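A closer look at the structure
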Amino acid sequence: MIAIKNIKSTFIPINMENIDTDQIIPARFLKATTKDGFGQNLFRDWRYADNDSSKPRPDFPLNKGQYRGEILVAAKNFGCGSSREHAAWAIQDYGFRAVVSSFFADIFKNNALNNGVLPVQVSEGFLQKIFQENADAILSINLETETITIDSTGLQEHFEINAYKKACLLNGFDDIDYLLSIKKDIEVFEAKRA
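One structure accompanies this document, and this report is about it. Source: prediction; values computed, not measured. (Residues numbered from 1 in each chain as written. Predicted model: local features only at pLDDT ≥ 70, side-chain atom pairs only at ≥ 80, totals over all residues. Heavy atoms only, no water.)

This next bit is on the sheet that holds strand β5 (residues 118-121). Spatially, the 4 strands line up as an open sheet ordered β2-β3-β4-β5, and their pairing is parallel. Of all strands in the sheet, those with a lone pairing partner are β2 (11-14) and β5, marking the two edges. Taking each pair of neighbouring strands and ignoring which way they run, the sheet shows an average axis angle of 20 degrees. (Pairing = 2+ DSSP bridges. Helix = DSSP H or I, 4+ residues; strand = E, 2+ residues; numbered from the N terminus. Axes fitted to C-alpha atoms, helices over the stretch in contact; angles between N-to-C directions.)

Pasting the structure below:
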């Protein structure tokens, strides 16, 4: 995984509540066993008319030219529904490094953390302030201090991340990488128990 310390980017807003994993990546696209290529079908049924990628819906935020960036901002209860890890794969493969919402479904949150996507949970009031910003607004996310800032106003809020997952993200580790990083400590522990 790629290490995450700071993300400073414009964002793509999807101001809709209860976005479930089937809307993030429809079930018909879950046939692959690798993580590659899922981004092209992110929000497929909302992005395209008649399931035809040559017919983008002009009103959907991912199809609007003024929106771009490495941060997805969504309304509350993001990632609800089934537990498919492919939703995190699609978000990461599309190019998002963080998702900001006022509430995440637990399984989605864990899947995101396991796949190098930072879920930033903020208050509803702070989220609404972000949605009021224009398309050129910059958000700054600092994982070390666990803060998110709206650069134009300086408004900042603290968010919380599990300490173990934070360490993994800061170092670009998945669970196996983390174990390998403490291999010597494990060997010392095992030697003492022999």
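After presenting the structure, the write-up continues.
Turning to the sheet that holds strand β6 (residues 139-142), a few remarks are in order. Taken together, the 4 strands give an open sheet; going across it, the order is β1-β6-β7-β8, and neighbouring strands pair in antiparallel fashion. At either margin of the open sheet sits one strand with a lone partner, and together these are β1 (6-9) and β8 (155-158). Looking at each pair of strands side by side, their axes are set apart by 10 degrees on average, direction ignored. Examined bridge by bridge, strand β7 (residues 147-150) and β8 share 4 bridges and lie antiparallel to one another.

Let us now look at helix α3 (residues 86-94). All of the buried residues in α3 are His-86, Ala-87, Ala-88, Trp-89, Ala-90 and Ile-91. Tucked into the core, α3 has its buried residues touching α1 (21-24), β4 (98-101) and α4 (106-114). Of the residues trailing α3, Gly-95 is marked for its positive phi of about 120 degrees. (Buried < 20%, exposed > 50% of the residue type's maximum accessible area, 1.4 Å probe, protein only. Contact = heavy atoms within 4.5 Å.)

All right, on to the packing of aromatic side chains then. Enumeration according to the criterion identifies 9 aromatic pairs in this entry. Residues Phe-43 and Trp-46 carry aromatic rings whose centres are separated by 5.7 Å and whose planes lie at 5 degrees to one another, so their mutual orientation is stacked. Owing to a relative accessible area of 0%, Phe-43 belongs among the buried residues under this scheme. Relative to Phe-108, the ring of Phe-104 has its centre 6.2 Å away and its plane inclined at 15 degrees; by these criteria the two rings are stacked. An aromatic cluster of at least three residues, connected via ring pairs, comprises Phe-43, Trp-46 and Phe-60. (Phe/Tyr/Trp six-rings, centres within 6.5 Å; stacked < 30°, edge-to-face > 60°.)

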